[in-house]
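Structural description and commentary
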Amino acid sequence: MFKLIIKNLWSRRGRNAWLLAELTIVTVLAWIILDPVIVQLYTLQRPAGYDIDRLVRVDVMEVSKASPQYLHDEDSSEHHAAAIERIISGIEALPEVESAVPVLRWATFESQGMAMSTVNKDDSVSVSTRSIRFAAGTPFFETMGLTAAGGTSLSTLSGASDVVISKSLAEALYPGENAAGHYLGDRASDFNPEHGQRIAGVVDDAIINSSDGRNMIIYESAPLVNLVHSRPEEMNIVIRLKPAVEPRRFLAALRPLMATTLKSGNIKIHNAAYYPDIRDEVRYGSGETDKMRVNTALAVFFLVNLCLGVIGTFYLQTRKRSRDAGVMRSFGATPGYILREMLGEGALLTVIAWLIGCIAYMQYAIKEGLTVMGGFNGALIADYMPCWTDNFAMHFAVVSIIIYAIMTAVVCVGIYIPGRRISRVSPVEALRDE
């Protein structure tokens, strides 16, 4: 059959050249349209690196000083910190709660504002990191659902007064070594141990859901009173629910308790939210959601039009082959054999056009520098937090395969619909006008 497919394609080479050109253009356009959508879809759906599904966050606020309920003798960071601790104890007493910890509003995984810092790997290389501060002595890592790496335990890390770093940062700074016990940046010539931060341990990488995406992270502990700084409105409380608890039902039951049971001194809580919902709000606020919607809408619009155009072209071309089908039927070919031969011609044309289109787009990508990791720290991120989207060869292969699958399906649909009918035509009817 393969020889017959090649012979038929060559005998109609003039007509097939136009089909080949059309499929090649469609391949290039599909690359331009689909590539950003595929990458962004993967980015939004990738694992967070921590257990987000059982997390709830509540905001902390201070009673207005103009309110008659305000206690002026408790207007200090120490009183605010003590009040927050009492509220957390009340939350942990609820039967649905596994643990709860105070966190800074602007320095958690689901926030848009993050503290940045730079660590010197050596005298010539610097590493950009994100900082997350947590209250010392609290089960921060267990509550957030992070996983310890390097043989340390989460309970040890949560109680440590030193910093904890993410696995990727540990590998970047101390490849092949245990980072615990080192000081951040201790391999730079200007390192001063008196001002250094000792590394207590390492946890697995987690994703900060911001426009920056993957980041190497430093977790810094501090006494709760230092985090409050007389501004309790900068604090949140993150709650981990027990496995069998339905988060939205818990939120509904929690809200009536906010103004009564879960209040202490001048501190109260409000605005409870489920963590996945918070993540969606952050993405919407940063423009990621709108960008994804626009890109997806454009991709669907153009692909539908391109696919309908290709289907229509092959539909019309296949309908004109009734005479060919009649000749083959007169020589004893079965309808199934004729249909497979037509589908084989379309598949071979698709492969050739797909290869030409992908090679053409590859040249464009190389010329425009799309194969090079951009931005400060981009190469280090690709090395120590690898993702298939960073590897040009793997990225190109994945998107190319997706485009090939779409094109093959479209071409086969355009051939199969009329091909199934004409392959069953009677030889006498097909050759009646000859």
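Nothing here was measured: the structure is a model prediction, and the numbers come from that model.

This part covers the overall build of the protein chain. The number of helices and strands found in the protein chain is 15 helices and 11 strands. Rg of the C-alpha trace for the protein chain: 31 Å, well past the compact-globule value of 22 Å for 434 residues, more than 25% over. In terms of its C-alpha atoms, the protein chain occupies a principal-axis envelope of roughly 105 × 55 × 35 Å. Looking at the protein chain residue by residue over its 434 residues, the buried ones come to 47%. Taking the intrachain contacts of the protein chain between residues at least 6 apart in sequence as the baseline, contacts between residues at least 24 apart amount to 77%. If you average the places of the 41 positive and of the 45 negative side-chain charges in the protein chain, the two averages end up 15 Å apart.

With that out of the way, let us pick up the environment of Met-292. Along the chain, the position of Met-292 falls in helix α10 (residues 288–319). The spacing of Met-292 and Val-37 is 255 residues in sequence and 7.2 Å in space, taken between C-alpha atoms. Among residues more than four places away in sequence, those in contact with Met-292 are Val-37, Gln-40, Leu-41 and Leu-44.

Let us look at a nonpolar patch on the surface. A surface patch of nonpolar side chains, about 380 Å² in accessible area, is lined by Val-294, Leu-298, Phe-301 and Phe-302. Note that Val-294 resides in helix α10. With relative accessibility at 47%, the residue Val-294 sits in the partly exposed group.

Bringing unusual backbone geometry into the picture now. Within the chain, Asn-271 stands out as a residue other than glycine whose phi angle is a positive 55°. Mapped onto the fold, Asn-271 is located in strand β11 (residues 267–274). A relative accessible area of 47% places Asn-271 in the partly exposed class.

A complete count under the given rule lists 14 aromatic pairs for this structure. Each ring, one from Trp-31 and one from Phe-396, has its centre 4.9 Å from the other, and the planes form 25°; the classification is stacked. One end of the pair, Trp-31, is in helix α2 (residues 13–45); the other, Phe-396, is in helix α14 (residues 392–422), and 365 residues separate them in sequence. Residue classification places Trp-31 among the buried positions, given a relative accessible area of 2%. By relative accessible area, which is 11% here, Phe-396 ends up buried. With a centroid separation of 5.2 Å and an interplanar angle of 85°, the aromatic rings of Phe-140 and Phe-141 are classed as edge-to-face. Linked through ring pairs, Tyr-50, Phe-109, Phe-134, Phe-140, Phe-141 and Tyr-219 together constitute an aromatic cluster.

Looking now at the packing of α10 against α14. The geometry of α10 relative to α14 is characterised by a closest axis approach of 8 Å and an angle of 30° between their N-to-C directions. In the crossing of α10 with α14, the sense of the turn from one axis to the other is right-handed. Across from Cys-307, Val-310, Ile-311, Phe-314, Tyr-315, Thr-318 and Arg-319 in α10, the residues of α14 making contact are Ile-406, Val-410, Val-411, Val-413, Gly-414, Ile-415, Ile-417, Pro-418, Gly-419, Arg-421 and Ile-422. Residue composition of the contact of α10 with α14, by class: 13 nonpolar, three polar and two charged.

We now examine empty space enclosed by the protein. Counting across every chain of the model gives four cavities of 30 Å³ or more. In this model, the largest cavity occupies a volume close to 160 Å³. Every residue lining the largest cavity is counted, 14 residues in all, and those nearest its centre are Asn-16, Leu-19, Gln-317, Arg-321 and Glu-345. Sorting the residues of the lining of the largest cavity by element identifies α2, α10 and α12 (335–367) as the ones contributing at least two each. Its residues placed into classes, the lining of the largest cavity shows six nonpolar, four polar and four charged. The volume enclosed by the second largest cavity comes to roughly 100 Å³.

A few words on the side chain of Asn-266. Within the element layout of this structure, Asn-266 appears in the loop between β10 (263–264) and β11. A distance of 2.7 Å separates a polar side-chain atom of Asn-266 from the backbone nitrogen of Leu-71. Those residues in contact with Asn-266, other than ones at most four positions away along the chain, are Met-61, Glu-62, Val-63, Gln-69, Tyr-70, Leu-71, Glu-74 and Asp-75.

What counts and how
- Residues numbered from 1 in each chain as written.
- Predicted model: local features only at pLDDT ≥ 70, side-chain atom pairs only at ≥ 80, totals over all residues.
- Heavy atoms only, no water.
- Helix = DSSP H or I, 4+ residues; strand = E, 2+ residues; numbered from the N terminus.
- Rg over C-alpha atoms; globule rule 2.2 N^0.38 Å.
- Buried < 20%, exposed > 50% of the residue type's maximum accessible area, 1.4 Å probe, protein only.
- Contact = heavy atoms within 4.5 Å.
- Lys, Arg positive; Asp, Glu negative; His and termini not counted.
- Charge placed at Lys NZ, Arg CZ, Asp CG, Glu CD.
- Patch = residues over 30% accessible without salt bridge, like charges linked within 9 Å, V, L, I, M, F, W, Y side chains within 5 Å.
- Areas by Shrake-Rupley, 256 points an atom, 1.4 Å probe, with all protein chains shown as cover.
- Salt bridge = Lys/Arg side-chain N within 4 Å of Asp/Glu carboxyl O.
- Phe/Tyr/Trp six-rings, centres within 6.5 Å; stacked < 30°, edge-to-face > 60°.
- Axes fitted to C-alpha atoms, helices over the stretch in contact; angles between N-to-C directions.
- Left-handed = near helix turned anticlockwise from the far one by under 90°.
- Nonpolar A, V, L, I, M, F, W, Y, C, P; charged D, E, K, R; others polar.
- 1 Å grid on protein atoms, 1.4 Å probe; cavity = no way out; pocket = protein on both sides within 12 Å on 5 of 7 lines; lining within 4 Å.
- Points joined across faces, edges and corners; volume = space filled by probe spheres on them.
- Polar contact = N/O pair within 3.5 Å; in protein donor to acceptor, adjacent residues only side chain to side chain.

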